[in-house]
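Next come the chains, spelled out residue by residue.
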Amino acid sequence: RLLLLDEPSLGLAPIITAEVFARLGALNAEDGLAMLIVEQNAGLALDIASRGYVLETGEIVRSGTGAELAGDDSVKAAYLGGDV
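Everything quoted here is computed from the prediction, not taken from an experiment. (Residues numbered from 1 in each chain as written. Predicted model: local features only at pLDDT ≥ 70, side-chain atom pairs only at ≥ 80, totals over all residues. Heavy atoms only, no water.)

A. Molecular detail of the pairing of strand β2 (residues 34–38). Direction of pairing for strand β1 (residues 2–6) relative to β2: parallel, over a ladder of five bridges. Each residue of the ladder has a partner; that of Leu-4, found in β2, is Leu-36. Considered for its hand, the β-α-β crossover made up of β1, helix α1 (residues 14–31) and β2 is right-handed. (Pairing = 2+ DSSP bridges. Helix = DSSP H or I, 4+ residues; strand = E, 2+ residues; numbered from the N terminus. Right-handed = clockwise from strand over helix to strand, strands pointing away.)

B. Inspection of the pattern of salt bridges at higher detail. Enumeration according to the criterion identifies one salt bridge in this entry. With a shortest N-O distance of 3.5 Å, Asp-72 and Arg-62 are connected by a salt bridge. One end of the pair, Asp-72, is in the loop between α3 (66–71) and α4 (73–80); the other, Arg-62, is in strand β4 (residues 59–64), and ten residues separate them in sequence. On the basis of relative accessibility, which here comes to 23%, the residue Asp-72 falls in the partly exposed class. (Salt bridge = Lys/Arg side-chain N within 4 Å of Asp/Glu carboxyl O. Buried < 20%, exposed > 50% of the residue type's maximum accessible area, 1.4 Å probe, protein only.)

C. Just the environment of Leu-2, in detail. Here Leu-2 lies in strand β1. Taking the C-alpha atoms as reference points, Leu-2 and Gly-32, separated by 30 residues in sequence, lie 9.7 Å from one another. Excluding residues within four positions of it along the chain, Leu-2 makes contact with Leu-33, Ala-34, Met-35 and Leu-36. (Contact = heavy atoms within 4.5 Å.)

D. Highlighting the side chain of Thr-17. Tracing the backbone through its elements, the reader meets Thr-17 in helix α1. Judged by its relative accessible area of 6%, Thr-17 is buried. Sequence-distant contacts of Thr-17, that is, excluding residues within four places in its chain, are made with Ser-9, Leu-12 and Leu-44.

Take a look at the structure:
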């Protein structure tokens, strides 16, 4: 089984977005449901991602586990609003 999601947080209030991503994470952890999520909110997506891919103009420029990408200085600076 595979669930495909395109911008699941788009237009949602932050509290609802947090609930949606918590449930998605639970579906994966508890039921083993595989997901392909396209999401502008990189922080939320990486929090639940086993694997992530960063696309720029249609090309993969970075890949790794969610934790690796969340800790990558260039990903932080460009997508997570973090200072490096």
